[in-house]
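# What the coordinates show
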Amino acid sequence: MTATANSDSMAATPPAPFAAAENVCTVVSNHPVNARYNHLVLAAPPTALTARPGQFFHLLCEGVPGDPAFLRRPMSVYRLRPADGADGASGIVEFLYKVVGAGTRAMARLEPGGSFNILGPLGQGFHLDPGWRHVVIVARGVGLATLAPLADMCRRAGVGIGAILSAQSPELIMAEDVMEAVGAEVVRVTDTEGTSTVANVERLVRGRIAEGRADALFTCGSNRLLMLLQKIARQEGIPGQVALEQQMACGLGMCVCCVRQVRRGGQTLDLRVCREGPVFELEEPVSW
Amino acid sequence: MVDLSVQLGGLTLANPIMPASGTFSPDIADVIDPNRLGALVTKSTTLGFRAGNPTPRVSETADGMLNSIGLPSQGIDAFIGEVIPKYRRFTPPLVASVSADTPDEFVTICEKVSIPAVDAIEVNISCPNLEEGGRAYAMRAESTLSVMRRVRACSDKPLWAKLTPNTGEIANVARAAEEGGADALVVANTVLAMAIDTETRRPRLGNVMGGLSGPAIKPIVVGMVYQSAKAVGIPVIGCGGIMGTDDVVEYMLAGAAAVQVGTKTFLNPTAMLTIIEELEALCAAKGINSVSEFTGAVVVEPEEEGLPLFA
Ligand SMILES: Cc1cc2nc3c(=O)[nH]c(=O)nc-3n(C[C@H](O)[C@H](O)[C@H](O)COP(=O)(O)OP(=O)(O)OC[C@H]3O[C@@H](n4cnc5c(N)ncnc54)[C@H](O)[C@@H]3O)c2cc1C
Ligand SMILES: Cc1cc2nc3c(=O)[nH]c(=O)nc-3n(C[C@H](O)[C@H](O)[C@H](O)COP(=O)(O)O)c2cc1C
Ligand code: FES
């Protein structure tokens with residue numbers, strides 16, 4: 001037998017690499033960050049750590065009698081830290097979530113040391129064009145959770161960020177620190193201060209464009225802001241991306257319950273937010 | 001060695017576990033190896049393009065979910081040209097599920113889908129028949145018999161008739177499907193249902209009414225499998241609310257030769273593979289050589305047979 005044949009036969013065929021898994025994670029911490037939002041930190045197995053900004057996990061939230069949650073709940077990956085081979089620390093996946101119903105109430109009950117089954121990573125994430133030098137990120141409410149890892153991706157790519165963070169009131173603005181840590185120039189706008197109007201956000205975005213610091217626009221979390229950015233992008237010929245939400249059952253593309261109307265290739269199509277999305281080109285979604 | 005294989009209406013399956021139509025697609029290969037399943041079943045396709053229903057298309061209950069997906073479909077040509085090849089990357093027998101608004105359309109679609117790549121056709125006669133005011137074909141024995149006769153005459157493929165639980169005469173419908181030429185029955189589709197948001201007073205589904213699936217419907221469907229299996233000589237495939245291995249055994253005891261798993265896959269895409277492993281271990285532990293030994297093995301004493309139904 002030749003050495004080549006031998007080494008060929010010795011070469012173990014690696015098991016089929018699955019892009020996603022039911023990752024059984026261990027809860028590290030789970031705290032409120034303000035009156036409305038909680039922050040969940042999980043020690044996660046390797047498949048989960050392959051998540052890219054804009055992708056999501058489908059979370060198996062265990063309801064309790066009287067407050068049942070049956071289906072999984074989709075949640076964007078907020079932060080991710082790879083395993084540290086040197087000190088043996090496991091990789092970390094984090095979520096930032098708003099408690100609204102049975103599923104997120106179940107999440108709020110998770111305690112350190114408990115386990116949590118997260119299916120993923122799923123869907124299409126954000127992408128950066130190598131030609132972009134400056135981008136504008138416009139996030140409303142918990143849409144920030146989705147856009148925070150994009151900011152980190154921009155930093156690594158040497159892309160400058162202008163971030164407009166919108167919320168009901170100043171204390172509900174989140175992850176300003178996360179944004180500033182990656183060198184973003186942050187502007188806060190709120191309902192209570194009267195600064196979050198569409199007109200004011202438009203003024204801010206157009207200001208960045210006038211300065212030549214808006215090669216692309218990104219948004220998540222508000223249909224009003226989506227429509228505004230679509231209008232600006234159309235008028236100014238600027239590309240962009242938006243992360244959409246839709247109710248989901250399977251999260252994998254099988255049940256076709258999560259469709260949104262999207263304009264693509266001259267047609268209006270029903271595309272699955274879980275599979276073709278959640279990130280779409282800014283001009284694609286038919287907003288209402 | 002436990003024999004997990006089952007004979008099913010013209011096909012041999014390596015094991016009795018397969019997905020339910022509409023709850024599965026090749027996309028699952030992101031998470032599991034579909035080659036380990038007993039068979040693959042496609043989402044129901046229609047003859048022409050269908051947009052499907054308005055969202056929200058699903059709503060959950062304590063123990064299950066409602067759906068009104070509305071059979072969105074690119075039509076049969078795209079199904080054959082684009083969808084079937086995606087399934088054919090995998091080795092298990094391929095069952096093509098078809099739906100049609102009229103018996104004529106059922107004939108056309110069954111003719112078209114009778115291609116070598118397809119191993120069996122699941123005729124979804126639980127969908128509405130527009131010639132009967134939108135009532136499902138399988139609600140009545142007469143319409144079941146006539147539509148199954150017509151598709152039988154146009155295809156040599158094994159035909160599986162998918163029945164609806166929304167009927168008061170499941171045994172008659174099952175017999176009619178057999179008489180019409182079905183090689184197996186799938187019992188059953190979803191249970192007609194509704195949910196209302198009491199705050200907004202709005203239906204929770206965009207299409208107002210929908211179909212209930214999941215553990216909430218299991219006892220209803222186990223009863224229907226029992227009634228159907230007693231009424232016919234062809235194999236019955238149990239489908240409704242299977243969450244684990246014990247549910248599979250229960251369906252088989254009631255008379256099912258195999259089962260389909262639907263909603264559970266949304267909660268755990270790995271569930272079908274877990275069930276296959278557990279089923280093998282269970283048979284080994286019980287000293288059962290062939291999983292088929294469970295089929296119809298429910299113990300009902302002769303004097304309990306045919307007791308009048310005063311529930
Ligand atoms: C891709 C994606 C990423 C998301 N990322 C985040 C995030 O990072 N942080 C966060 O707080 N929220 C996020 N959401 C929204 C989050 O999924 C919902 O708030 C959550 O499902 C509500 O569940 P519940 O049981 O608490 O509420 P309920 O209102 O009781 O939920 C009832 C049903 O409606 C669905 N549903 C309700 N609101 C939404 C919604 N906005 N989007 C989709 N389905 C919904 C639920 O999943 C459930 O099936 C995301 C949604 C999507 C689609
Ligand atoms: C989202 C969804 C879509 C479905 N689509 C189809 C379909 O296209 N054709 C069909 O015959 N049954 C369809 N069904 C019914 C399932 O195949 C199955 O009969 C039913 O869900 C009961 O099984 P389960 O409780 O295991 O889900 C669908 C069910 C669900 C939940
Ligand atoms: S959630 Fe099932 S297809 Fe998107």
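Before going into details, it helps to say that this report is about the structure given with it. Since the model is a prediction, treat every value here as computed from it, not as a measurement. (Residues numbered from 1 in each chain as written. Chains lettered and ligands numbered in written order. Predicted model: local features only at pLDDT ≥ 70, side-chain atom pairs only at ≥ 80, totals over all residues. Heavy atoms only, no water.)

Secondary structure assignment for chain B yields eight helices and 16 strands. Taken over the C-alpha atoms alone, chain B extends approximately 50 × 45 × 40 Å along its principal axes. When each of the 311 residues of chain B is scored for burial, the buried share is 58%. Long-range contacts, defined as pairs at least 24 residues apart, comprise 70% of the intrachain contacts of chain B with a sequence gap of at least 6. About 12,400 Å² of surface is accessible on chain B, with carbon and sulfur atoms providing 53% of the total. Placing the 23 positive and 35 negative side-chain charges of chain B at their respective mean positions leaves the two points 6 Å apart. (Helix = DSSP H or I, 4+ residues; strand = E, 2+ residues; numbered from the N terminus. Buried < 20%, exposed > 50% of the residue type's maximum accessible area, 1.4 Å probe, protein only. Contact = heavy atoms within 4.5 Å. Areas by Shrake-Rupley, 256 points an atom, 1.4 Å probe, with all protein chains shown as cover. Lys, Arg positive; Asp, Glu negative; His and termini not counted. Charge placed at Lys NZ, Arg CZ, Asp CG, Glu CD.)

Okay, empty space enclosed by the protein next. Residues and elements named next belong to chain A. According to the stated counting rule, one finds one cavity of 30 Å³ or more in the structure shown. Lining the largest cavity we find Ala-139, Gly-141, Leu-144, Leu-165, Ser-166, Ala-167, Leu-172, Ile-173 and Met-174. Broken down by element, the residue count for the lining of the largest cavity peaks at three residues, all from strand S9 (residues 160–167). Among the residues forming the lining of the largest cavity, the class breakdown is seven nonpolar, two polar and no charged. (1 Å grid on protein atoms, 1.4 Å probe; cavity = no way out; pocket = protein on both sides within 12 Å on 5 of 7 lines; lining within 4 Å. Points joined across faces, edges and corners; volume = space filled by probe spheres on them. Nonpolar A, V, L, I, M, F, W, Y, C, P; charged D, E, K, R; others polar.)

Residues and elements named next belong to chain A. For ligand 1, the set of nearby residues contains 20 residues, the closest of which are Arg-73, Pro-74, Gly-103, Thr-104 and Glu-245. Residue Ser-76 places a main-chain N or O atom 3.0 Å away from a nitrogen atom belonging to ligand 1. Ala-102 is positioned such that a nitrogen or oxygen atom in its backbone is 3.5 Å from an oxygen atom of ligand 1. If ligand 1 stood free it would expose 810 Å²; the protein chains cover 81% of that surface. Here ligand 1 occupies the largest pocket. When contributions to the shell around ligand 1 are tallied by element, the ones reaching two or more residues are strand S4 (73–76), strand S6 (91–98) and helix H2 (102–108). Element by element, the count of residues in the shell around ligand 1 is highest for S4, at four residues. (Near = heavy atom within 4 Å. Polar contact = N/O pair within 3.5 Å; in protein donor to acceptor, adjacent residues only side chain to side chain. Sits in = over half its atoms within 2 Å of the grid points.)

With that settled, consider the sheet that holds strand S8 (residues 134–140) of chain A. Residues and elements named next belong to chain A. A sheet is described by the order of its strands in space; here six strands give the open sequence S10-S9-S8-S11-S12-S15, paired in mixed fashion. Two strands lie at the open edges of the sheet, namely strand S10 (185–190) and strand S15 (279–281), each paired on one side alone. The average angle at which neighbouring strand axes cross in this sheet is 15°, direction not considered. Sheet topology note: the S8/S9 ladder contains seven bridges and is parallel. (Pairing = 2+ DSSP bridges. Axes fitted to C-alpha atoms, helices over the stretch in contact; angles between N-to-C directions.)

Here we come to the environment of A:Arg263. Residues and elements named next belong to chain A. For Arg-263, the location among the structural elements is in strand S13 (residues 259–264). Using a relative accessible area of 43% as the deciding quantity, one classes Arg-263 as partly exposed. Within the structure, the side chain of Arg-263 is placed 3.0 Å from the backbone oxygen of Glu-283, a separation counted as a polar contact.

Residue and element names in this part refer to chain B. Among the residues of helix H4 (residues 170–179), those classed as buried are Ile-170, Val-173, Ala-174, Ala-176 and Ala-177. Buried residues of H4, seen end-on, are gathered within an arc of 160° and therefore sit on one face of the element. In this fold, the buried residues of H4 make contact with helix H3 (141–154), strand S9 (159–163), strand S10 (184–187) and helix H5 (218–231). Phi turns positive one or two residues past the end of H4, at Gly-181, with a value near 115°. (Arc of directions from axis to C-beta.)

On to the sheet that holds strand S11 (residues 191–194) of chain B. Residue and element names in this part refer to chain B. Taken together, the four strands give an open sheet; going across it, the order is S5-S6-S14-S11, and neighbouring strands pair in antiparallel fashion. Pairing within the sheet leaves two strands with one partner each, and these edge strands are strand S5 (58–61) and S11. Each neighbouring strand pair of the sheet contributes to a mean axis angle of 40°, computed without reference to strand direction. As paired elements, S11 and strand S14 (residues 209–213) share four bridges and run antiparallel to each other. The residue of S14 that forms the bridge with Val-191 is Leu-212.

Right, let's talk about the environment of B:Leu13 for a bit. Residues and elements named next belong to chain B. Positionally, Leu-13 belongs in strand S2 (residues 11–13). Of the residues examined, Leu-13 reaches a relative accessible area of 0% and is grouped as buried. With 26 residues separating them in the primary sequence, Leu-13 and Ala-39 have C-alpha atoms 6.5 Å apart. Not counting residues within four places of it along the chain, the set of residues in contact with Leu-13 comprises Ser-5, Val-6, Leu-8, Met-18, Gly-38, Ala-39 and Pro-93.

Looking now at the interface of chain B and chain A. Across the contact, 34 residues belong to chain B and 28 residues belong to chain A. A combined buried area of about 2,400 Å² lies between chain B and chain A, and 60% of that area is made up of carbon and sulfur atoms. At the junction of chain B with chain A, the criterion picks out four salt bridges. The interface formed by chain B and chain A includes 13 residue pairs in polar contact (both at pLDDT 80 or more). Elements with a minimum of two residues in the side of chain B that touches chain A: S5, strand S6 (64–67) and helix H7 (264–267) of chain B. With four residues, the single largest contributor to the side of chain B that touches chain A is S5(B). Partitioned by chemical class, the residues of the side of chain B that touches chain A number 17 nonpolar, eleven polar and six charged. (Buried area = accessible area lost by both parts, 1.4 Å probe. Salt bridge = Lys/Arg side-chain N within 4 Å of Asp/Glu carboxyl O.)

All names here are of chain B. With respect to the helices and strands, Thr-190 occurs in the loop between S10 and S11. Looking at Thr-190, its side chain comes within polar contact range of the side chain of Asn-189, at 3.4 Å. Those residues in contact with Thr-190, other than ones at most four positions away along the chain, are Asn-67, Thr-164, Pro-165, Asn-166, Gly-211, Leu-212 and Ser-213.

All right, on to the pairing of S9(A) then. All names here are of chain A. Burial runs high along S9: seven of the eight residues are buried. In this fold, S8 hands off to helix H3 (residues 143–156), which returns the chain to S9; that crossover is right-handed. As paired elements, S9 and S10 share six bridges and run parallel to each other. Within S10, the residue paired with Ala-163 across the bridge is Val-186. Each parallel crossover has a hand, and for S9 linked through helix H4 (residues 176–181) to S10 it is right-handed. (Right-handed = clockwise from strand over helix to strand, strands pointing away.)

All right, on to the packing of aromatic side chains then. According to the stated counting rule, one finds five aromatic pairs over all chains in the structure shown. Ring pairing ties together the aromatic residues A:Phe126, A:Trp132 and A:Phe218, which thus form one cluster. (Phe/Tyr/Trp six-rings, centres within 6.5 Å; stacked < 30°, edge-to-face > 60°.)

Within the largest apolar cluster, 141 residues are counted, with the highest numbers of intra-cluster contacts made by A:Leu217, B:Phe106, B:Ile125, B:Met148, B:Trp160, B:Leu163 and B:Leu185. Three or more residues apiece are contributed to this core by two domains, here domain 1 (21–122) and domain 2 (134–281) of chain A. Formed by 33 residues, the second largest nonpolar core is a distinct cluster that contains A:Tyr37, A:Leu96, A:Ala145 and A:Ala216. (Core = buried A, V, L, I, M, F, W, Y, C linked by side-chain atoms within 4.5 Å. Domains from an automatic or database assignment.)

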